[in-house]
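# Commentary on secondary and tertiary structure
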Amino acid sequence: MNEYTITSKNPAETMELAKRLAALLKPQDVITLEGDLGAGKTTFTKGLAEGLHIKKTVNSPTFTIIKEYNGDLPLYHMDVYRLEDSDEDLGFDEYFEGDGVTVVEWAHLIEEQLPKEKLMIRLRHGVNDTRLITLMPQGARYEELCKELGI
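The sections below set out a description of the structure shown in this document. (Residues numbered from 1 in each chain as written. Predicted model: local features only at pLDDT ≥ 70, side-chain atom pairs only at ≥ 80, totals over all residues. Heavy atoms only, no water.)

## Observations regarding the pairing of strand S7 (residues 131-138)
The test is simple: Burial status follows relative accessibility: with a 1.4 Å probe on protein chains alone, a residue under 20% of its type maximum counts as buried, one over 50% as exposed, and anything between as partly exposed. Every helix listed is a DSSP run of H or I at least four residues long, and every strand listed is a run of E at least two residues long, numbered separately from the N terminus. Note on pairing: two strands pair once DSSP finds at least 2 bridges between them.
In terms of burial, S7 is largely enclosed, as six of its eight residues are buried. Relative to S7, strand S6 (residues 118-125) is paired through eight bridges, and the arrangement is antiparallel. The residue bridging His125 from the neighbouring strand is Arg131, located in S7. A loop of five residues connects S6 with S7, the two strands running antiparallel in sequence, and Asn128 in this loop sits at a positive phi of about 55°.

## Here's the deal with the nonpolar core
For soluble globular proteins, nonpolar side chains are generally found buried alongside one another. Condition: Residue types Ala, Val, Leu, Ile, Met, Phe, Trp, Tyr and Cys, when buried and joined through side-chain atoms within 4.5 Å, form a set referred to as a nonpolar core. Contacts: residue pairs with any heavy atoms within 4.5 Å of one another.
With 45 residues, the main nonpolar core has Leu21, Ile31, Phe44, Leu48, Val80 and Ile121 as its most contacted residues. Beyond its immediate sequence surroundings of up to four residues, Leu48 is in contact with Ala18, Lys19, Leu21, Ala22, Leu25, Ile31 and Val103.

## Structural notes on the sheet that holds strand S2 (residues 30-35)
Our working rule: Fitted lines through C-alpha atoms give the axes, limited to the stretch in contact for helices. The angle between two N-to-C directions lies from 0 to 180 degrees.
The sheet built from seven strands is open, its strands ordered S1-S7-S6-S2-S5-S4-S3 with mixed pairing. Two strands in the sheet have a free side with no partner beyond their single neighbour: strand S1 (4-8) and strand S3 (66-69). Shown here is a sheet whose adjacent strand axes are inclined to one another by a mean of 20°, direction ignored. Bridge count between S1 and S7: five bridges; the pairing is antiparallel. Within S7, the residue paired with Ser8 across the bridge is Arg131. Strands S2, strand S4 (75-79), strand S5 (101-105) and S6 of the sheet are contacted by helix H2 (residues 41-51), whose axis makes an angle of about 155° with S2. Strand contacts of helix H4 (residues 140-149): S1, S2, S6 and S7, with the helix running at about 135° to S7, the strand carrying the most contacts.

## Details of helix H1 (residues 11-22)
Definition in use: To estimate the expected span of a helix, count its residues, drop one, and scale the result by 1.5 Å. What the arc describes is the spread of directions from the helix axis to the C-beta atoms. Under the rule applied, a polar contact is a pair of N or O atoms within 3.5 Å (in protein, one hydrogen donor and one hydrogen acceptor; residues adjacent in sequence only if both atoms are side-chain atoms).
Along its twelve residues, H1 runs 16 Å from first to last C-alpha, staying within 8% of the 16 Å computed at 1.5 Å per residue. All of the buried residues along H1 are Thr14, Leu17, Ala18, Leu21 and Ala22. Axial view of H1: buried residues confined to an arc of 145°, hence all on one face. With a side-chain oxygen lying 3.1 Å from the backbone nitrogen of Ala12, the N-terminal cap of H1 falls on Asn10.

## Some words on the environment of Glu16
Mapping Glu16 onto the fold places it in helix H1. It is 8.6 Å that separates the C-alpha atoms of Glu16 and Phe44, two residues lying 28 residues apart in sequence.

Here is the structure:
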(Lines give C-alpha, C1' and ligand atoms only; values in the text may rest on other atoms or scores of the structure.)
Protein backbone atom coordinates (compact mmCIF):
# COMPACT_ATOMS: atom_id res chain seq x y z
CA MET A 1 0.00 0.00 0.00
CA ASN A 2 1.34 3.42 -0.97
CA GLU A 3 1.35 6.28 1.51
CA TYR A 4 1.68 9.96 0.72
CA THR A 5 2.43 12.41 3.54
CA ILE A 6 1.99 16.16 3.27
CA THR A 7 2.91 18.73 5.92
CA SER A 8 0.28 21.41 6.43
CA LYS A 9 1.51 24.59 8.11
CA ASN A 10 -1.94 25.84 9.14
CA PRO A 11 -5.69 25.13 8.92
CA ALA A 12 -5.94 27.11 5.65
CA GLU A 13 -3.44 24.73 3.98
CA THR A 14 -5.35 21.72 5.31
CA MET A 15 -8.58 23.13 3.86
CA GLU A 16 -6.88 23.91 0.54
CA LEU A 17 -5.70 20.32 0.15
CA ALA A 18 -9.23 19.11 0.90
CA LYS A 19 -10.73 21.57 -1.62
CA ARG A 20 -8.37 20.28 -4.30
CA LEU A 21 -9.42 16.72 -3.44
CA ALA A 22 -13.12 17.67 -3.53
CA ALA A 23 -12.78 18.80 -7.15
CA LEU A 24 -11.78 15.23 -8.09
CA LEU A 25 -14.43 13.32 -6.16
CA LYS A 26 -17.27 11.28 -7.63
CA PRO A 27 -20.43 9.72 -6.20
CA GLN A 28 -19.71 6.72 -3.94
CA ASP A 29 -16.21 7.88 -3.05
CA VAL A 30 -15.40 7.07 0.58
CA ILE A 31 -12.84 8.95 2.64
CA THR A 32 -11.89 7.87 6.14
CA LEU A 33 -10.33 10.29 8.61
CA GLU A 34 -8.30 9.19 11.60
CA GLY A 35 -6.29 11.29 14.00
CA ASP A 36 -5.92 12.71 17.44
CA LEU A 37 -8.45 15.15 18.82
CA GLY A 38 -7.69 18.56 17.36
CA ALA A 39 -5.53 17.19 14.55
CA GLY A 40 -7.77 18.64 11.82
CA LYS A 41 -10.37 16.03 10.84
CA THR A 42 -13.25 18.50 10.91
CA THR A 43 -11.10 21.22 9.29
CA PHE A 44 -10.36 18.78 6.45
CA THR A 45 -14.07 18.01 6.08
CA LYS A 46 -14.87 21.75 5.98
CA GLY A 47 -12.41 22.07 3.11
CA LEU A 48 -14.10 19.21 1.25
CA ALA A 49 -17.47 20.89 1.76
CA GLU A 50 -16.14 24.21 0.49
CA GLY A 51 -14.72 22.43 -2.57
CA LEU A 52 -18.13 20.85 -3.20
CA HIS A 53 -19.75 24.31 -2.94
CA ILE A 54 -21.73 23.44 0.17
CA LYS A 55 -23.13 26.59 1.76
CA LYS A 56 -24.11 25.23 5.19
CA THR A 57 -21.63 25.38 8.04
CA VAL A 58 -19.96 22.03 8.55
CA ASN A 59 -19.26 20.88 12.07
CA SER A 60 -18.59 17.55 13.68
CA PRO A 61 -21.70 15.35 13.83
CA THR A 62 -20.69 14.05 17.25
CA PHE A 63 -24.21 13.65 18.63
CA THR A 64 -26.08 12.80 15.43
CA ILE A 65 -23.52 10.35 13.93
CA ILE A 66 -24.38 11.37 10.33
CA LYS A 67 -24.94 14.81 8.81
CA GLU A 68 -25.90 15.33 5.20
CA TYR A 69 -24.98 18.42 3.19
CA ASN A 70 -26.00 19.34 -0.35
CA GLY A 71 -23.56 20.82 -2.86
CA ASP A 72 -22.17 19.80 -6.25
CA LEU A 73 -22.40 16.29 -4.75
CA PRO A 74 -24.10 15.35 -1.49
CA LEU A 75 -21.65 15.05 1.39
CA TYR A 76 -22.35 12.46 4.07
CA HIS A 77 -20.28 13.32 7.14
CA MET A 78 -20.11 10.57 9.74
CA ASP A 79 -18.53 10.68 13.16
CA VAL A 80 -18.71 7.13 14.50
CA TYR A 81 -16.75 7.81 17.70
CA ARG A 82 -19.75 6.97 19.88
CA LEU A 83 -20.28 3.61 18.15
CA GLU A 84 -17.19 1.99 19.65
CA ASP A 85 -19.05 -0.88 21.30
CA SER A 86 -22.05 -1.03 19.00
CA ASP A 87 -22.86 -3.89 16.65
CA GLU A 88 -25.91 -2.05 15.39
CA ASP A 89 -26.42 -1.88 11.62
CA LEU A 90 -27.09 1.78 10.91
CA GLY A 91 -27.42 1.37 7.14
CA PHE A 92 -24.00 2.76 6.26
CA ASP A 93 -24.10 0.85 2.95
CA GLU A 94 -26.87 3.15 1.74
CA TYR A 95 -24.49 6.08 2.09
CA PHE A 96 -21.43 4.30 0.68
CA GLU A 97 -23.44 3.22 -2.37
CA GLY A 98 -25.42 6.46 -2.68
CA ASP A 99 -25.19 9.56 -4.85
CA GLY A 100 -22.67 11.40 -2.72
CA VAL A 101 -19.28 11.39 -1.08
CA THR A 102 -18.93 9.85 2.38
CA VAL A 103 -16.45 11.06 4.98
CA VAL A 104 -16.06 8.88 8.08
CA GLU A 105 -14.27 10.18 11.18
CA TRP A 106 -12.92 7.50 13.56
CA ALA A 107 -13.50 4.95 10.78
CA HIS A 108 -11.50 2.18 12.49
CA LEU A 109 -14.49 1.71 14.82
CA ILE A 110 -16.64 0.42 11.92
CA GLU A 111 -13.81 -1.15 9.88
CA GLU A 112 -15.82 -4.27 9.00
CA GLN A 113 -18.66 -2.15 7.56
CA LEU A 114 -16.46 0.00 5.32
CA PRO A 115 -15.99 -0.69 1.62
CA LYS A 116 -12.68 -2.35 0.75
CA GLU A 117 -11.75 0.47 -1.62
CA LYS A 118 -11.47 3.90 0.01
CA LEU A 119 -9.11 6.77 0.66
CA MET A 120 -7.78 6.55 4.20
CA ILE A 121 -6.40 9.78 5.62
CA ARG A 122 -4.55 10.11 8.92
CA LEU A 123 -3.97 13.55 10.46
CA ARG A 124 -1.34 13.97 13.17
CA HIS A 125 0.15 16.84 15.09
CA GLY A 126 3.60 17.82 13.76
CA VAL A 127 6.18 20.22 15.14
CA ASN A 128 5.43 23.94 15.50
CA ASP A 129 1.66 23.50 15.08
CA THR A 130 2.02 21.77 11.72
CA ARG A 131 -0.13 18.79 10.73
CA LEU A 132 1.08 15.66 8.99
CA ILE A 133 -1.59 14.47 6.57
CA THR A 134 -1.02 10.94 5.29
CA LEU A 135 -3.13 9.63 2.41
CA MET A 136 -3.34 5.84 2.08
CA PRO A 137 -5.28 4.88 -1.05
CA GLN A 138 -7.02 1.50 -1.04
CA GLY A 139 -7.73 0.51 -4.64
CA ALA A 140 -6.98 1.81 -8.13
CA ARG A 141 -9.57 4.61 -8.01
CA TYR A 142 -7.94 6.14 -4.95
CA GLU A 143 -4.36 5.65 -6.22
CA GLU A 144 -5.44 7.64 -9.27
CA LEU A 145 -6.97 10.34 -7.06
CA CYS A 146 -3.65 10.77 -5.25
CA LYS A 147 -1.83 11.04 -8.58
CA GLU A 148 -4.33 13.65 -9.80
CA LEU A 149 -3.73 15.60 -6.59
CA GLY A 150 -0.08 15.71 -7.52
CA ILE A 151 1.25 14.28 -4.28
